[in-house]
Amino acid sequence: MIKIADRISRLGTETAFAVSAEAAAFAAQGHKVYPFHLGDMNLPTPANVVEASFKAIKEGKTGYCPNVGIPQLRAVLAEDINASHGTRYAMENVAIQPGGKPTITKFIMALMNPGDEVLYPNPGYPIYESQIEFHGGKAVPYRYVEGTDNFAFDMAGLEKSITPRTRLLVLNDLQNPMGAECSPAELEKVAELVLRHDLYVLCDEAYFDIRYEGKSRSLASLPGMAERCVILYTFSKKFAMTGWRLGATIGPKEIIDVVAKLNVNDESCPNHFIQYGAIEGLTGDQSEVKQILATLKERRDTAVDILNSIEGVRCFRPNATFYLFPNVTGLMQKKGLTHYDEFRKAMLTETGVSACTRLHFGRALPGEKDFYIRLAYSGINVGEIKEGLAKFKAWAES
Ligand code: PLP
């Protein structure tokens, strides 16, 4: 037997991909599947981005480029973030990455020592816990609670979890899987805690621009925070570029210099020619980007309306992200189901609706009584949302 390195036992995974594989196997048996499980997109990348990338290939931008990306893109992205965040980043504050995800690992590698405690959201994107533990840190969860219009930050719980060993905070405002976001007052309180306890923050802003109403806010915009925040930026969602793999780490130069060294060690440089497409995405015609948002908003409203018409299901209408996190406690009780996976499998086999559950976003926390599932509507058209959720409703009410 091959002896795999001990550290691998600490590495987690994204179990949503396993749900996706299960749904594909079910579909291969001839069943209709409604894919609500993965935050992937079935919308095309804007044509101007595609064309600018092709042009760059034809012009020979196919060799290595600087480790932290081409200077033009770093400068344009710094300007773009400054315009939306009111910050004063320069090119030196930006390291281009192969996607949004690498920023999570690089932030942890740059700032966390083994034994350090890191606060992270649970339910939350599973890679935080995986990477904290893989690198020998202690992952300390904080939670969100059901508010009136959306999930709310459990500030008291967060504050109580801070110890002298706490070094980092992961803040995924505009949150996956719950679509939660902090109010201005909550962000100010977080900033105060960060300063008081000398913390550094990963601001995972993967969904900053996936917003239907109002304006997104960033912790990095608050006084004294740009010095303590590292922003995870990605082109994946705003420009429907999940498979292109392009994003950026944005933060204090001292940290970006470390991230640059990690880039050299990991991938040498991000994909060269795609970066020209990204410049076009940021500076060129925005009509397709707007269309992506309009399409997602229609899907959100369609899904939320149907879900809230089902007895035993309660669903908020988040202003940002493309996720819904309905409370299905009543429905599970009605069906006599007490385990998440039983519910998920019954929903798939009886209705074809494939979704993740709360447990795909971290272990249940002590005292958790309610049950939730997560629906992503980024990869399913309005017609299929209507059809799939109508079957779900019929099953729920049968
Ligand atoms: N952060 C969050 C909260 C996400 O939901 C995702 C992807 O779903 C990522 C980061 C990673 O994004 P990317 O696909 O750009 O690596």
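What comes next concerns the included structure. Note that the coordinates shown come from a computational prediction; the quantities given were computed from them, not determined experimentally.

Let's talk about the site of the ligand
Okay, step 1: Around the ligand sit 14 residues, and of these Asp204, Tyr207, Thr234, Ser236 and Arg245 come closest.
Okay, step 2: The separation between an oxygen atom of the ligand and a polar side-chain atom of Asn176 is 2.8 Å.
Okay, step 3: Separating a nitrogen atom of the ligand from a side-chain N or O atom of Asp204 is a distance of 2.6 Å.
Okay, step 4: When the free accessible area of the ligand is taken as 390 Å², the share hidden by the protein chains comes to 93%.
Okay, step 5: Taking a 2 Å distance to the grid points as the criterion, the majority of the atoms of the ligand fall inside the largest pocket.
Okay, step 6: The class makeup of the residues in the shell around the ligand is 4 nonpolar, 6 polar and 4 charged.

Concerning unusual backbone geometry
Okay, step 1: A cis amide bond links Asn122 to the next residue, Pro123, at an omega of 5°.
Okay, step 2: On the secondary structure map, Pro123 appears in the loop between strand S3 (117-121) and helix H5 (127-134).
Okay, step 3: With omega at 20°, the peptide bond leading from Asn176 into Pro177 counts as cis.
Okay, step 4: Take Pro177: it is sitting in the loop between strand S7 (166-171) and helix H7 (184-196).

Points about the state of the cysteines
Structurally, a disulfide amounts to a covalent bond that connects the sulfur atoms of two cysteines.
Okay, step 1: Tallied over the entire structure, the rule returns 0 disulfides.
Okay, step 2: In this structure Cys315 is not part of a disulfide, and its nearest cysteine sulfur, from Cys356, lies 15 Å away.

Examining the nonpolar core
Okay, step 1: One finds Phe36, Leu296, Leu307, Phe322, Phe343, Leu389 and Phe392 to be the most contacted residues of the largest nonpolar core, which totals 66 residues.
Okay, step 2: Counting residues per element, this core draws most heavily on helix H10 (residues 287-308), at 6 residues.
Okay, step 3: Two domains each put at least three residues into this core: domain 1 (6-44 + 288-397) and domain 2 (47-283).
Okay, step 4: Sequence-distant contacts of Phe343, defined by excluding residues within four places in its chain, comprise Val328, Leu331, Met332, Leu337, Ile373, Phe392 and Trp395.

Each value, and the rule that gives it
- Residues numbered from 1 in each chain as written.
- Predicted model: local features only at pLDDT ≥ 70, side-chain atom pairs only at ≥ 80, totals over all residues.
- Heavy atoms only, no water.
- Near = heavy atom within 4 Å.
- Polar contact = N/O pair within 3.5 Å; in protein donor to acceptor, adjacent residues only side chain to side chain.
- Areas by Shrake-Rupley, 256 points an atom, 1.4 Å probe, with all protein chains shown as cover.
- 1 Å grid on protein atoms, 1.4 Å probe; cavity = no way out; pocket = protein on both sides within 12 Å on 5 of 7 lines; lining within 4 Å.
- Sits in = over half its atoms within 2 Å of the grid points.
- Nonpolar A, V, L, I, M, F, W, Y, C, P; charged D, E, K, R; others polar.
- Helix = DSSP H or I, 4+ residues; strand = E, 2+ residues; numbered from the N terminus.
- Disulfide = S-S within 2.5 Å.
- Core = buried A, V, L, I, M, F, W, Y, C linked by side-chain atoms within 4.5 Å.
- Buried < 20%, exposed > 50% of the residue type's maximum accessible area, 1.4 Å probe, protein only.
- Domains from an automatic or database assignment.
- Contact = heavy atoms within 4.5 Å.

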